[in-house]
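What follows is each chain in one-letter form.
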Amino acid sequence: QLQQTTLQLISRHDGWSGEIIGLVSQWLANPDMDADQKRSLTGALIAFSTEEDIQQIIADATHDPQTTLTTRLLLLEVMARSRTGEFPRHWHAPLRQTLGDANSRLVREAVATVRSRSLTAFDESLLRLSRDEGRPMELRIASLECVTPRLGQLPEELFTLLTDQLNEDVDPLL
């Protein structure tokens with residue numbers, strides 16, 4: 001409880017990110033964070049998301065295969081909700097890696113991050129995902145939704161993918 005209160009106080013002050021790096025790193029390595037720690041951690045990471053050291057910690061933890069699924073989902077949410085104007089360069093590689101992850105829940109959150117930030121640097125990954133027949137249909141459609149506004153013309157196989165969903169034998173995705 002004391003750590004959470006301290007973190008909340010520090011997160012309210014610009015330029016104090018150096019004070020929380022150790023605590024944030026410790027919490028990110030903890031596979032057993034409770035709900036209060038997760039909330040405090042999310043708030044602090046969002047509050048300090050403009051700080052390069054914090055961006056690097058987020059990137060490293062997202063990229064680390066030892067990071068738990070729950071923590072990786074939290075980090076993707078932080079990326080989506082961060083206060084950075086431009087999407088940090090440190091986050092490109094781990095987000096691209098997550099778009100190719102085998103875990104559909106992680107990939108779904110990564111696609112949501114791309115959508116919420118209107119990121120165009122991931123179009124090829126999204127197109128590849130939309131064409132992956134081994135992925136759940138709603139994930140393929142969500143990936144395609146992110147990229148179609150920038151496509152001059154929808155490739156025939158992707159048009160067919162969409163129109164096949166209009167068949168009355170197909171369960172609605174929503």
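Look above for the structure.
Since the model is a prediction, treat every value here as computed from it, not as a measurement.

Asks: How should I be thinking about the overall build of the chain in this particular structure?
Replies: The secondary structure content of the chain amounts to 10 helices and 0 strands. Listed by position from the N terminus, the elements making up the chain come as α-α-α-α-α-α-α-α-α-α. With 174 residues in all, the chain has 43% of them scored as buried. Long-range contacts, defined here as pairs at least 24 residues apart, represent 64% of the contacts in the chain between residues at least 6 apart. When the accessible surface of the chain is summed, it comes to about 9,700 Å², and 47% of that surface belongs to carbon and sulfur atoms.

Asks: Quick question: what am I supposed to make of the packing of helix α9 (residues 137-147) against helix α10 (residues 156-164) here?
Replies: Helix-helix packing is characterised by the crossing angle of the two axes and by the distance between the axes. Look at α9 against α10: their axes get within 11 Å of each other, and the N-to-C directions meet at 125°. By the angle class used here, α9 and α10 are oblique. Once α9 is placed against α10, the crossing between them reads as left-handed. Within the contact between the two elements, α9 uses Met 137, Arg 140, Ile 141 and Leu 144 and α10 uses Leu 158, Leu 161 and Leu 162. In the contact of α9 with α10, the residues fall into 6 nonpolar, no polar and 1 charged.

Asks: What am I meant to see in the side chain of Thr 98 here?
Replies: Among the structural elements, Thr 98 can be located in helix α6 (residues 92-99). Relative accessible area serves as the criterion here: at 0%, Thr 98 is assigned to the buried category. Each residue touching Thr 98, except ones within four places of it in the same chain, is listed here: Thr 62, Arg 72, Leu 76, Leu 106, Val 107 and Ala 110.

Asks: What is the right way to look at the packing of aromatic side chains in this model?
Replies: What characterises a pair of aromatic rings is the spacing of the ring centres plus the angle enclosed by the ring planes. Under the definition given, this model contains 2 aromatic pairs. Between the aromatic rings of Phe 87 and Trp 91, the centroid separation amounts to 5.4 Å while the plane-to-plane angle is 70°, which identifies the pairing as edge-to-face. Given a relative accessible area of 5%, Phe 87 falls into the buried group. Owing to a relative accessible area of 0%, Trp 91 belongs among the buried residues under this scheme.

Asks: I'm lost on the side chain of Arg 135 in this one. Help?
Replies: Structurally, Arg 135 can be placed in the loop between α8 (123-131) and α9. Within polar-contact distance, the side chain of Arg 135 engages the backbone oxygen of Asp 101 at 2.5 Å. Residues in contact with Arg 135, not counting those within four places in the same chain, are Leu 99, Gly 100, Asp 101, Ala 102, Ser 104, Val 107, Leu 129 and Arg 140.

Asks: Would you mind going over the packing of α6 against helix α7 (residues 104-117) with me for this structure?
Replies: Relative to each other, α6 and α7 sit at 130°, their axes nearing to 8 Å. As far as their axial angle goes, α7 and α6 are oblique. The crossing of α6 and α7 is left-handed. Residues Leu 95, Thr 98 and Leu 99 of α6 lie in contact with α7, whose contacting residues are Leu 106, Val 107, Ala 110, Val 111, Thr 113 and Val 114. In terms of residue class, the contact of α6 with α7 is built from 7 nonpolar, 2 polar and no charged.

Asks: Is there a simple way to think about unusual backbone geometry in this case?
Replies: Trans peptide bonds make up most of the peptide bonds, and negative phi angles are found at most residues other than glycine. Phi is positive for Ser 118, which is not a glycine, with a value near 50°. Residue position: Ser 118 is located in the loop between α7 and α8.

Asks: Sorry if this is basic, but what is going on with the pattern of salt bridges here?
Replies: Side-chain pairs of opposite charge can arise where the charged atoms are in close proximity. One pass over the full model with this rule turns up 9 salt bridges. Measuring nitrogen to oxygen at the nearest pair gives 3.5 Å for the salt bridge that ties Arg 72 to Asp 101. On the criterion of sequence distance, the pair formed by Arg 72 in helix α5 (residues 69-81) and Asp 101 in the loop between α6 and α7 is long-range, its members being 29 residues apart. Comparing Arg 72 with Asp 101 shows no difference in burial state: the two are buried.

Criteria and thresholds
Residues numbered from 1 in each chain as written. Predicted model: local features only at pLDDT ≥ 70, side-chain atom pairs only at ≥ 80, totals over all residues. Heavy atoms only, no water. Helix = DSSP H or I, 4+ residues; strand = E, 2+ residues; numbered from the N terminus. Buried < 20%, exposed > 50% of the residue type's maximum accessible area, 1.4 Å probe, protein only. Contact = heavy atoms within 4.5 Å. Areas by Shrake-Rupley, 256 points an atom, 1.4 Å probe, with all protein chains shown as cover. Axes fitted to C-alpha atoms, helices over the stretch in contact; angles between N-to-C directions. Parallel < 35°, antiparallel > 145°, perpendicular 65-115°, else oblique. Left-handed = near helix turned anticlockwise from the far one by under 90°. Nonpolar A, V, L, I, M, F, W, Y, C, P; charged D, E, K, R; others polar. Phe/Tyr/Trp six-rings, centres within 6.5 Å; stacked < 30°, edge-to-face > 60°. Polar contact = N/O pair within 3.5 Å; in protein donor to acceptor, adjacent residues only side chain to side chain. Salt bridge = Lys/Arg side-chain N within 4 Å of Asp/Glu carboxyl O.

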